[in-house]
Amino acid sequence: MHAGTHLKRIAALVALCTVAACGGGGGARTNADGTVSFTVAVIEPDITTVPILAAIDTVRRAGHRVKVVELAEPELAIEGLAKGDYAISAEATSPALIAIQKKAPIKLIADGVGNQWAIYGKRGISSCDGLRGRPFGIYSKGAVATAMTKEWVAAQCGAGKRPDYLTIGGSDVRAHALVAGEIDATPLEISDVVALESSGGGRFTQIVDFAKNLPDLRPQTVYANAGFLTSYRGAAQAFVSALVSEHSKINADPRHLVALVAKYLPDEDAAEVAEVARRYAQAKLFNAGALTERNVQSTIDFFVRAGVIERGMTPRDAADLTFLRAAA
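Anyway, here's the lowdown on the structure attached to this text. Given the structure is predicted, the values throughout are model-derived calculations rather than measurements.

What counts, and where the lines are drawn
Every chain's residues receive numbers from 1 upward, in the order its sequence appears when written. Per-residue local features of the predicted model are confined to residues with pLDDT of at least 70, and side-chain atom pairs are confined, for both listing and counting, to 80 or more; whole-chain, interface and lining totals are unaffected and use all residues. Computation of side-chain values covers all heavy atoms of the structure but excludes hydrogens and water. The definition of a nonpolar core used throughout is a set of buried Ala, Val, Leu, Ile, Met, Phe, Trp, Tyr and Cys residues joined through side-chain atoms within 4.5 Å. Accessibility here uses a 1.4 Å probe with only protein chains present; expressed as a share of the type maximum, an area under 20% marks a residue as buried, one over 50% as exposed, and anything in between as partly exposed. In this description a helix means any DSSP run of H or I spanning at least four residues, a strand means any run of E spanning at least two, and both kinds are numbered starting from the N terminus. Pairs of residues are marked as contacts when any of their non-hydrogen atoms sit within 4.5 Å. Each salt bridge in this description consists of a side-chain nitrogen of Lys or Arg and a carboxyl oxygen of Asp or Glu lying within 4 Å of one another. Take the residue count of a helix, subtract one, and multiply by 1.5 Å to get its expected span. A fitted line through C-alpha atoms serves as each axis, taken over the contacting stretch for helices, and the angle formed by two N-to-C directions is quoted from 0 to 180°. Every angle not falling under 35 degrees, over 145, or within 65 to 115 is termed oblique; those three ranges are roughly parallel, roughly antiparallel and roughly perpendicular. Under the grouping applied here, Gly and all other residues not named as nonpolar or charged are polar, the nonpolar ones being Ala, Val, Leu, Ile, Met, Phe, Trp, Tyr, Cys and Pro and the charged ones Asp, Glu, Lys and Arg. The pairing criterion is simple: DSSP has to find at least two bridges between the two strands. Orient the strands so they point away from the viewer; a crossover is then right-handed if the path from the first strand over the helix to the second runs clockwise. The criterion for an aromatic pair is that two Phe, Tyr or Trp rings (for Trp, the six-membered ring) have centres within 6.5 Å, with stacked assigned to planes under 30 degrees apart, edge-to-face to planes over 60 apart and tilted to the rest. Crossing chirality is assigned from the near helix's rotation relative to the far helix, an anticlockwise turn below a right angle marking it left-handed and a clockwise turn marking it right-handed.

In this structure, Phe 38, Phe 228 and Phe 239 are the most contacted members of the largest nonpolar core, which totals 81 residues. In terms of residues, this core owes the most to one element, helix 10 (residues 233-252), which gives seven residues. With residues near it in sequence (within four places) discarded, Phe 228 still touches Gly 25, Gly 26, Ala 28, Phe 38, Ala 87, Ile 88, Arg 233, Ala 235 and Ala 236. Listed in part, the 17 residues of the second largest apolar core include Ile 47, Val 50, Leu 265 and Tyr 280.

Pasting the structure below:
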């Protein structure tokens, strides 16, 4: 979805919430025994989601009652957080920042997963200049990977040396298009790179790694309803601490991530999961505590440059890092 559509949709929601006093408590309630009931929204669960599901189970074992709702896109989670239907969610950072700028009661509280995007292309293409006029697959004009790509192209390509952008579905679809020769390059996530390599990926090469090119960009974070954070700090802290612990276990031993995927996503290919887990752990992509004032500001600045949000937002506006400090 294009950033302009995000803004109109979320701005309209926030205007309604201003009238209806939305957002108080994130739909949570205190039970008779002192435990808390609340809802967490997850977006089409994949390997990046399983640490969150494991953290939820830890919170449940502590006595809290947590309902999980699966949604098709992060904008639905943002709407639910703003209205107070959900307490916590996690996925793309940009729609959360859009809502926060429009005064929605939402705060970033932890990192979800590090920047795992990289551009892959046919052998022989080793720089931006080599992409001149080449068919280049993107998910959409408003996608974060597209924004990273276009910023890199603007900085690295010579005058007039731009790729020919083609909008082609999700990462897996673009990987298939790369194998089929329909495009010459595209940004991919780690799981799709592993699948690409298993199906003839030796014919392709990494052109740029955005984790190194944009090390302070946090494209995928965990966020919460601000009222929930204020009224139910104990439950919120239990979740954040559990997530930090799960990420630490993955980095210590990627087999922990493999086990989580087997538990929560049993239909995934075991061999591919093992390789993806190894690469996640090697790159330390799971690090909930990696969110800092510095990289929150860098992330804000990136989305300002991309035209997604306007200037003026501060880390204090966007995030509440007190839960991470307490979990350290």
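Any two side chains of opposite charge can pair if their charged atoms end up close together. Counted according to the given criterion, the structure contains 16 salt bridges. Salt-bridge contacts for Asp 57 lead to Arg 60; the nearest nitrogen and oxygen are separated by 2.9 Å. Here Asp 57 and its partner Arg 60 are both found in helix 2 (residues 50-61), three residues apart, which amounts to about one turn of the helix. A residue is classified by how much of its surface remains accessible, and Asp 57, at 16% relative accessible area, is buried.

Attention now moves to helix 2. In a regular helix each residue adds 1.5 Å, so 12 residues correspond to 16 Å; helix 2 covers 17 Å between its end C-alpha atoms and thus fits that length. Restricting attention to buried positions, one finds in helix 2 the residues Val 50, Pro 51, Ile 52, Leu 53, Ala 54, Ala 55, Ile 56, Asp 57 and Val 59.

A few words on the packing of helix 2 against helix 11 (residues 255-264). At a closest axis distance of 9 Å, the pairing of helix 2 and helix 11 adopts a crossing angle of 80 degrees. Put simply, helix 2 runs roughly perpendicular to helix 11. Packed against helix 2, whose contacting residues are Val 50, Pro 51, Leu 53, Ala 54 and Asp 57, the element helix 11 presents Leu 257, Leu 260, Val 261, Lys 263 and Tyr 264 at the interface. Classifying every residue of the contact of helix 2 with helix 11 gives eight nonpolar, no polar and two charged.

The next thing to look at is the pairing of strand 3 (residues 65-71). Here strand 2 (residues 36-43) runs beside strand 3; their pairing, made up of seven bridges, is parallel. Of the residues in strand 3, the one forming a bridge with Phe 38 is Val 66. Remark: the strand 2/helix 2/strand 3 crossover connection has right-handed handedness.

With that out of the way, let us pick up the packing of aromatic side chains. This model, assessed by the stated rule, comprises five aromatic pairs. Ring geometry for Phe 38 against Phe 228: centres 5.0 Å apart, planes inclined by 45 degrees, an arrangement best described as tilted. Taken as a pair, Phe 38 in strand 2 and Phe 228 in helix 9 (residues 226-231) lie far apart in primary sequence, 190 residues in all. Among the residues examined, Phe 228 registers a relative accessible area of 0% and is labelled buried. Seen from their ring centres, Phe 302 and Phe 303 are 5.1 Å apart, and the 80 degrees between their planes marks the pair as edge-to-face. With respect to burial, Phe 302 and Phe 303 carry one shared label: buried. Through a chain of ring-to-ring contacts, the aromatic side chains of Phe 38, Phe 228 and Tyr 232 assemble into a single cluster.

Let us look at the environment of Leu 291. Assignment of secondary structure puts Leu 291 in the loop between helix 12 (270-283) and helix 13 (293-305). Sequence spacing of Leu 291 and Ala 28 is 263 residues, and the spatial spacing of their C-alpha atoms is 25 Å.

Looking now at the environment of Val 153. Locating Val 153 in the fold gives a position in helix 5 (residues 144-156). A relative accessible area of 2% places Val 153 in the buried class. Put simply, Val 153 and Ser 127 are 26 residues apart on the chain and 9.8 Å apart in space, counted from C-alpha to C-alpha. If sequence neighbours within four positions are ignored, Val 153 has contacts with Cys 128, Arg 162, Pro 163 and Tyr 165.

At their nearest, the axes of helix 11 and helix 12 sit 8 Å apart, and the two run at 135 degrees to each other. The orientation of helix 11 with respect to helix 12, classified from their angle, is oblique. The crossing of helix 11 and helix 12 is right-handed. Residues Leu 257, Val 258 and Val 261 of helix 11 form the contact with helix 12, whose participating residues are Val 273, Ala 274, Ala 277 and Tyr 280. Looking at the contact of helix 11 with helix 12, its residues break down into seven nonpolar, no polar and no charged.

Limitation: the analysis is restricted to geometry and does not speak to function.
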